[in-house]
Amino acid sequence: MALAKLLVAFVSINALGALCLPLLAQQTPATTYPPEAIAVFMQECQAKFAAQAPPGFRDRGDRYCTCLINRLQEKMTYGQFQQMTADNEPPELKAATNACIGAIF
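Here the residue index of a chain counts from 1 through its sequence in written order. Local features in this predicted model are restricted to residues of pLDDT 70 or higher, and side-chain atom pairs are both shown and tallied only at a pLDDT of 80 or more, whereas totals for entire chains, interfaces and linings draw on every residue. For side-chain calculations, the full set of non-hydrogen atoms in the structure is used, while hydrogens and water are omitted.

A word on the nonpolar core
Here comes step 1: Of all hydrophobic cores here, the largest spans 20 residues; its most connected members are Phe41, Tyr64, Leu68, Leu72 and Phe81.
Here comes step 2: Contributions of two or more residues to this core are made by helix 2 (35-52), helix 3 (61-75) and helix 5 (91-104).
Here comes step 3: Helix numbers and strand numbers start at the N terminus; a helix is a DSSP run of H or I with at least 4 residues, a strand a run of E with at least 2. No other element matches helix 3, which puts six residues into this core.
Here comes step 4: Working rule for contacts: check all heavy atoms of both residues, and any pair within 4.5 Å makes them a contact. Those residues within four positions of Leu72 in sequence are excluded, and the remaining contacts are Tyr33, Phe41, Phe81, Met84, Glu92, Leu93 and Ala96. Take the buried residues of types Ala, Val, Leu, Ile, Met, Phe, Trp, Tyr and Cys, join any two whose side-chain atoms come within 4.5 Å, and each joined set is a nonpolar core. Three labels apply to residues, based on accessible area from a 1.4 Å probe with only protein chains included: buried if under 20% of the type maximum, exposed if over 50%, partly exposed otherwise in between.

Topic: the state of the cysteines
Here comes step 1: Defined by distance alone, a disulfide is two cysteine sulfur atoms within 2.5 Å. Counted by the stated rule, this structure contains two disulfides.
Here comes step 2: The partner cysteine of Cys45 in its disulfide is Cys65, sulfur to sulfur 2.1 Å. The disulfide joining Cys45 to Cys65 has a torsion of about -90° about its S-S bond and is therefore left-handed. Linking Cys45 in helix 2 with Cys65 in helix 3, this pair joins segments that are 20 residues apart in sequence.
Here comes step 3: The exposure class assigned to Cys65 is buried, which follows from its relative accessible area of 0%.
Here comes step 4: At a sulfur-sulfur separation of 2.1 Å, the disulfide partner of Cys67 is Cys100. Taking the sign of the S-S torsion, -85° for the link of Cys67 and Cys100, the bridge is left-handed. Here the residue Cys67 occupies a position in helix 3, and Cys100 occupies one in helix 5, the gap between them amounting to 33 residues. Per residue, the accessibility class of Cys67 equals that of Cys100, and both read buried.
Here comes step 5: By sequence-ordered numbering of the bonded cysteines, the protein has its disulfides arranged as 1-2, 3-4.

Section: the packing of aromatic side chains
Here comes step 1: Only centres within 6.5 Å qualify two rings of Phe, Tyr or Trp (six-membered ring in Trp) as a pair; their planes then separate them into stacked at under 30 degrees, edge-to-face at over 60, and tilted for everything else. In the structure shown here, the tally under the stated rule is seven aromatic pairs.
Here comes step 2: Ring geometry for Phe49 and Tyr64: centres 5.2 Å apart, planes at 25°, overall stacked. Here Phe49, found in helix 2, pairs with Tyr64, found in helix 3; they are 15 residues apart in sequence, far enough to count as distant. Across the pair, exposure class does not vary: Phe49 and Tyr64 are buried alike.
Here comes step 3: Linked through ring pairs, Tyr33, Phe41, Tyr78 and Phe81 together constitute an aromatic cluster.

Points about helix 2
Each α-helix turn comprises 3.6 residues. Residues three or four places apart therefore point the same way.
Here comes step 1: One fewer than the residue count of a helix, multiplied by 1.5 Å, yields its expected span. Compared with the 26 Å implied by 1.5 Å per residue over 18 residues, the 25 Å span of helix 2 between its first and last C-alpha is a close match.
Here comes step 2: What helix 2 keeps buried is the set Ala37, Phe41, Met42, Cys45 and Phe49. What you see down the axis of helix 2 is that its buried residues fit within an arc of 130°, all on one side. Of the exposed residues in helix 2, those oriented more than 90 degrees away from the buried face are Glu36, Gln43 and Ala51. The reported arc concerns the directions from the helix axis to the C-beta atoms and nothing else.

Have a look at this one:
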């Protein structure tokens, strides 16, 4: 009987801990970049998207670029974001690009 109570208590504690993890994750906000940097990124991203998107899809640039900047903020610090260049694209950018393209097409 004591073993059964101990087992129930252990399972309850683990279940409670598992339930709290999403709450803790929600309390930790993603890193936000300065508004000026986001504005510049969005302008450049939308221009590139409009130039490269197939006809009929060019109006999705805002959704794509918003998705992209949100994912980058979740995965990269602002310092890492600032170091991105066309010659220095981190794997986080490719992963975010693929995910966002998949989300809008």
